[in-house]
Amino acid sequence: MPIKTPKKLIEVALPLDAINAACAREKSIRRGHPSTLHLWWARRPLAAARAVIFAQMVNDPSWKWELENPGAIPPGNLKASWAASRKRLFKIIEEMVLWENSNNEIVLDKARAEIRRSWREVCELNIDHPQAGELFDPETLPGLHDPFAGGGAIPLEAQRLGLAAYASDLNPVAVLINKAMIEIPPKFSGRPPIGPLLPGEGRQTSMAGKDWSGAKGLAEDVRRYGHWLLKEAEKRIGHLYPTIEVTASMASEREDLRPLVGKQLTVIAWLWARTVKSPNPVFSHVEVPLASSFVLSIKEGKEAYVKPVIAGDSYRFTVQVEPPPEAAKAGTKLSRGANFRCLLSNAAIEPQYIKAEGVAGRMGQRLMAIVAEGQRSRVYLSPTAEQEAIAHQAQPQWRPDTPLPDDPRNFWTLNYGLNKFGDLFTPRQLLALTTLSDLVVEVREKVKTDAMCALLDQAQSSPDAPLDQGGTGPTAYADAVAVYLAFAASKTSNRASTLCTYKIGVECPGDTFGRQAIPMSWDYAEANTLGGPSGSFQSMVDNTVAGLLSNNTSLGAIGCALQLDAASPPISAQVINKVISTDPPYYDNISYADLSDFFYVWLRRALKLVFPSLFSTMAVPKAEELVASPYRHGGKDQAEVFFLNGMTRAIHTLAHSAHPAFPVTIYYAFKAAETKEVGTASTGWETFLEAVLHAGFALTGTWPMRTERENRKINQGTNALASSIVLVCRQRLADAATISRRQFQRELNAILPEALDEMTRGAEGDHSPVAPVDLSQAIIGPGMAVFSKYAAVLEADGSTMGVKTALQLINRFLAEDDFDADSQFCLHWFEQHGWSEGNFGEADVLARSKSTSVSGLNESGVLFSGGGKVQLRKWTDYPTDWDPTTDIRLPIWEALHQLIRALKQSGEAAAGALLGVLTGKTEAIRQLAYRLYTLCERQGWAEDARAYNELITSWSGIEAAAAMPETITPQLNLFD
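Residues numbered from 1 in each chain as written. Predicted model: local features only at pLDDT ≥ 70, side-chain atom pairs only at ≥ 80, totals over all residues. Heavy atoms only, no water.

1. Focus: the state of the cysteines
Move 1: For the structure on display, the rule yields zero disulfides.
Move 2: This cysteine, Cys826, is not joined by any disulfide, and Cys936 carries the nearest cysteine sulfur, 14 Å off. (Disulfide = S-S within 2.5 Å.)

2. Remarks on the pairing of strand 28 (residues 869-872)
Remember that side chains alternate between the two faces of the sheet whenever the strand is regular.
Move 1: Side chains Val870 and Leu872 project from strand 28 onto a buried face, and the interleaved Lys869 and Gln871 project onto a face without burial.
Move 2: The sheet contact formed by strand 27 (residues 863-866) and strand 28 spans four bridges and is antiparallel. By the bridge assignment for strand 28, Ser865 is matched with Val870. (Buried < 20%, exposed > 50% of the residue type's maximum accessible area, 1.4 Å probe, protein only. Helix = DSSP H or I, 4+ residues; strand = E, 2+ residues; numbered from the N terminus. Pairing = 2+ DSSP bridges.)

3. Overview of the packing of helix 2 (residues 46-57) against helix 4 (residues 76-96)
For any two helices packed against each other, one specifies the inter-axial angle together with the distance between the axes.
Move 1: The N-to-C vectors of helix 2 and helix 4 enclose an angle of 155°; their axes lie 10 Å apart at closest approach. On the basis of the axis angle, helix 2 is roughly antiparallel to helix 4. For the pair helix 2 and helix 4, the sense of crossing is right-handed. On the side of helix 2, the interface is formed by Arg50, Ala51 and Phe54, while helix 4 contributes Leu89, Ile92, Ile93 and Met96.
Move 2: Across the contact of helix 2 with helix 4, the residue classes break down as six nonpolar, no polar and one charged. (Axes fitted to C-alpha atoms, helices over the stretch in contact; angles between N-to-C directions. Parallel < 35°, antiparallel > 145°, perpendicular 65-115°, else oblique. Left-handed = near helix turned anticlockwise from the far one by under 90°. Contact = heavy atoms within 4.5 Å. Nonpolar A, V, L, I, M, F, W, Y, C, P; charged D, E, K, R; others polar.)

4. Describing unusual backbone geometry
Move 1: Positive phi, normally seen in glycine, also occurs at Glu507, with a value near 55°.
Move 2: If you trace the backbone, Glu507 turns up in the loop between strand 14 (502-503) and strand 15 (508-509).
Move 3: Judged by its relative accessible area of 6%, Glu507 falls in the buried class.

5. What to know about the nonpolar core
Move 1: Formed by 244 residues in total, the largest nonpolar core has its most connected members in Phe54, Leu607, Phe744 and Met784.
Move 2: When residues of this core are assigned to their parent elements, the largest contribution, 13 residues, is made by helix 14 (residues 474-494).
Move 3: Once residues lying within four places of it in the same chain are set aside, the contact partners of Leu607 are Leu176, Val440, Ala482, Val483, Ala486 and Phe615.
Move 4: Among the nonpolar cores identified, the runner-up in size contains 49 residues, and Val870, Trp882, Leu918 and Ala945 belong to it. (Core = buried A, V, L, I, M, F, W, Y, C linked by side-chain atoms within 4.5 Å.)

6. Some remarks on the environment of Glu923
Move 1: Mapping Glu923 onto the fold places it in helix 29 (residues 922-939).
Move 2: Taking the relative accessible area as the measure of exposure, Glu923 reaches 26% and is therefore partly exposed.
Move 3: Expressed as a C-alpha distance, the spacing of Glu923 and Ser865, which sit 58 residues apart in the sequence, is 29 Å.
Move 4: Of the polar contacts made by the side chain of Glu923, one reaches the side chain of Arg926; its length is 2.3 Å. (Polar contact = N/O pair within 3.5 Å; in protein donor to acceptor, adjacent residues only side chain to side chain.)

7. Topic: the side chain of Asp597
Move 1: Summarising the element assignment, Asp597 is placed in helix 16 (residues 592-607).
Move 2: Among the residues examined, Asp597 registers a relative accessible area of 1% and is labelled buried.
Move 3: Aside from chain neighbours lying at most four places away, what touches Asp597 is Thr402, Phe421, Ala619, Val620 and Lys622.

8. Brief notes about the packing of helix 9 (residues 216-237) against helix 13 (residues 427-453)
Move 1: Put simply, helix 9 and helix 13 touch, their axes get as near as 9 Å, and they point 135° apart. Regarding the angle of helix 9 to helix 13, the classification is oblique. Considering how the two elements wind past one another, helix 9 and helix 13 form a crossing that is right-handed. Listed contacts from helix 13 to Tyr225, Trp228, Leu229, Glu232, Ala233, Arg236 and Ile237 of helix 9 are Leu431, Ala432, Thr435, Leu436, Leu439, Val440, Glu442, Val443, Lys446, Val447 and Asp450.
Move 2: Here the contact of helix 9 with helix 13 is built from residues that sort into 12 nonpolar, one polar and five charged.

9. Examining the pairing of strand 23 (residues 724-731)
Move 1: A large share of strand 23 lies buried, amounting to seven of its eight residues.
Move 2: As judged from the six bridges shared by strand 19 (residues 664-669) and strand 23, these two strands associate in the antiparallel manner. Looking across to strand 23, one finds that Val664 is bridged to Cys729.
Move 3: As paired elements, strand 22 (residues 697-705) and strand 23 share eight bridges and run antiparallel to each other. Its bridge partner being in strand 23, Gly701 is matched across the sheet by Val728.

10. So, the confidence of the model for the protein
Move 1: When pLDDT is averaged along the protein, the result is 87, and 90% of the positions lie at 70 or above.
Move 2: Below a pLDDT of 50 lies the segment residues 671-681, which in the model reaches 33 contacts outside its immediate sequence neighbourhood of four places, other chains included. (pLDDT = per-residue confidence, 0-100.)

11. Topic: the sheet that holds strand 26 (residues 838-839)
Move 1: On the basis of which strands lie adjacent, the open sheet formed by three strands has the order 26-28-27 and antiparallel pairing. What marks the edges here is a single partner per strand, and that holds for strand 26 and strand 27.
Move 2: Where helix 24 (residues 821-833) meets the sheet, its contacts fall on strand 26, strand 27 and strand 28, and the angle it forms with strand 28 comes to roughly 100°.

12. Examining the pattern of salt bridges
Move 1: Applying the stated criterion across every chain yields a total of 43 salt bridges.
Move 2: The shortest N-O distance in the salt bridge between Arg86 and Asp60 comes to 2.8 Å. With Arg86 in helix 4 and Asp60 in the loop between helix 2 and helix 3 (63-68), this residue pair connects regions lying 26 residues apart in the sequence. There is no split in this pair, since Arg86 and Asp60 are both buried.
Move 3: For Glu114, the salt bridge identified is with Arg88, shortest N-O distance 2.5 Å. Taken together, the residues span a long stretch of sequence, with Glu114 in helix 5 (residues 105-125) and Arg88 in helix 4 at a distance of 26 residues.
Move 4: According to the relative accessible area criterion, Glu114 is buried, its value standing at 9%.
Move 5: When its relative accessible area of 40% is taken as the criterion, Arg88 is described as partly exposed. (Salt bridge = Lys/Arg side-chain N within 4 Å of Asp/Glu carboxyl O.)

13. So, empty space enclosed by the protein
Move 1: Under the definition given, this model contains eight cavities of 30 Å³ or more.
Move 2: Counted as a void, the largest cavity has a volume near 400 Å³.
Move 3: In terms of lining, the largest cavity is formed by 32 residues, of which the most central are Phe148, Gly150, Asp169, Pro585 and Tyr592.
Move 4: Counting only elements with at least two residues in the lining of the largest cavity, the list comes to helix 7 (153-160) and helix 16.
Move 5: Of the residues assigned to the lining of the largest cavity, the class counts are 20 nonpolar, four polar and eight charged.
Move 6: What the second largest cavity holds in volume is close to 60 Å³.
Move 7: Together, Pro34, Leu37, Leu156, Ala180, Met181, Pro185, Gly547, Leu548, Ser550 and Asn551 line the second largest cavity. (1 Å grid on protein atoms, 1.4 Å probe; cavity = no way out; pocket = protein on both sides within 12 Å on 5 of 7 lines; lining within 4 Å. Points joined across faces, edges and corners; volume = space filled by probe spheres on them.)

14. Overview of the packing of aromatic side chains
Move 1: A complete count under the given rule lists 27 aromatic pairs for this structure.
Move 2: Taking 6.0 Å as the distance between ring centres and 25° as the angle between the ring planes, the aromatic pair formed by Trp119 and Phe136 counts as stacked. With Trp119 in helix 5 and Phe136 in the loop between helix 6 (132-135) and strand 1 (144-146), this residue pair connects regions lying 17 residues apart in the sequence.
Move 3: Its relative accessible area of 2% is what places Trp119 among the buried residues.
Move 4: Pairing Phe340 with Trp522 gives two aromatic rings, centres 5.3 Å apart and planes at 70°, and the pair type is edge-to-face. In this pair, Phe340 is assigned in strand 10 (residues 340-341) and Trp522 in the loop between strand 15 and strand 16 (523-527), connecting sequence segments 182 residues apart.
Move 5: Classification of Phe340 by relative accessible area gives buried; the value is 0%. (Phe/Tyr/Trp six-rings, centres within 6.5 Å; stacked < 30°, edge-to-face > 60°.)

Written out as structure tokens, the structure is:
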């Protein structure tokens, strides 16, 4: 007996504009975001995850008609009713994705009610099914499983929507993050803190009447015991982090220091430069600095820079508080590649020499400046011998000897002799991080003792089980507090390595992971781990507490995080028959396992007694990780085969473990695109789609979402696309047919025009049009829905068509629009020449082939012609007094660029006034804008692409202005 599966909202329509806007805003939020619990790479925005899960769970208003009348065309009044119902659901999504509503119970309850209502409808449909008792309990919502949980955004949002959340990952760091996000907080929800009050805090802090709902009590104990841990660290290594006294001699040459004489200032950071022996034989005994810049501050009125003072065969650094000279901006770096110059002789220091010195262990460091906390701003001080000597006193007894991977794409330090994770830290940093990690072990025992004394959970039965065995008593609570304090220590390492450069724009040390790689740095900022406002352990505790409190809703929902290999069945019984939404690895984009070792070495030291099985290995498991890493698999081709086979197994497993009444949603984010004549292609995208189809899935929808920051470092220098794709999948029918290439193309020609019209116009007004930047990805959805529903598409020679060919045929559809002859000429000429000049003879041949002429095109005003040259007019060249009502030769091309001119110069009202009199040309103008955007995107003409994209994204406003009576006036006076 087949299961009846109502069509879900995500298979029909989504309010993409609202979701994308919320995602963009969320990317700029740091304080109080769940991501502040611990760093993870390439997290999905919570807004996107929340919207996708909701739309995946909620039935589309058309579901009853679809089930009862498969393939039939619904009457217009029914379609209008569905559109109205979708608008109501869209309103819920639009409210729900707003950041300020993340914990708004009124808004979330509306969403939860819709999910429960849809679930009851599904249960009623399948009440007579043999598995009804197992699969369709109307009182219990199915849980959600993310088999590639990573940073935990998807499971967290499932829990927020009232679903039991199951997160699994092979990577132990990811598993631990998910435990901290969804598993631990519900266990201790509503419990008051038991830790000792901080000095100076009154007893009212622990009053019984205080609100300790959700994770507030647990977060308070993380704060309290974090303070205890810091004070213990200060006792042990505080002498290595001294304050600095401003002396009269310092102030004698610095007027800005005179008010500070005699004061002890907290050091924010020590700024160092790596050094090598000078390659000049005369100065071969001198270690010269490799400094990429000497600039410290560019804040107006408070500029500062490091000035090297050379005396014979030695030098010293001083800090000057004044605008830096041009030479200071480059430090000792030369303009040629990574070369430096010898500070004493100006001799070039070649890369190979630096590498040889590094590999030989002869690379050192020299203190350049000290950043201290002043009364109202940063204070920059010259280095002192005492401060440098104190740094060299640190003698760590342990260092992480885990090797750095020999991956030249993402790990750049090996060529310089930094081969192990321990090599990325100074001795003082190693000692501090080791001390903090060891104190987590000690604080765990203290919490356990305090919890037992406070009789934390008198109802707990003996024995007192640890957290790893499902306990909720004193031992488990101590384990829980230890997890969050270990996170604070682990995050401190991200600001406490020799890869952290000083960010002069915000005047603070940067992160190790400013990008998704281990880079090489020449000068670095050593943050004050025990004090100061940036990079200190205390700041990490504060961020951890804020992250823990960021999801203080739905803590009654179950959360479970498991270490599982998604590509190696059998899968755990705990995650069978769950709704699946997941964000798998993206081909070769990020080596999560390799990068995770940076944190794993510290987390393991702190928590191996808490989670012995999770931290049983010396490093993160790597061999099974589904990433196409050429260095790991012997080459690019072998890596692609590994990824395809592993991802196919993984998706096949999740397809067969998924709840049969729901579609599966899978995220895919493009890393980079290969631009070809046939359209936008990506090796990773093709390989991923192959895996999805091989696993037995058919696509029922694809949705482009802007989940990536456009200015993120990984985008810089790459052709990264604007969107992630959310694939909506269902199991392909077991008896799916096989068709020919001709039949496939015929079906595409029947399906894609309507789909394209819905995407560019908005179906029945129930969703916004897809922007041009997203169109080439969005059109993949309906195209691949046709391709994937068949067992195979056969080529003329009997071979099976691959995904790459199918994508080419789908993308080619975007180039088949038909315009007037003049516009066709302009389109083809633009494709060949852009806005540049071309030969008249070439233009004449093209014009004749399009049944037009160069002279006629010149008269129409779309190009310049003279001196044997032809050049298209840019929108800036079009006249402002143009009157379309008197223009006797009006190509679509001209109308489009006049609209762009009006929009850019005078806004939507002016563009609407023009559109209002361009009767019969509206649709063609819009389609040409899409076509030109696609062309410009492929050619890399970003400025031109932006103009066409802006027109389309403003289209609804322009149409609204065109419909207003006061804008439909003669055009001659519009732009005076």
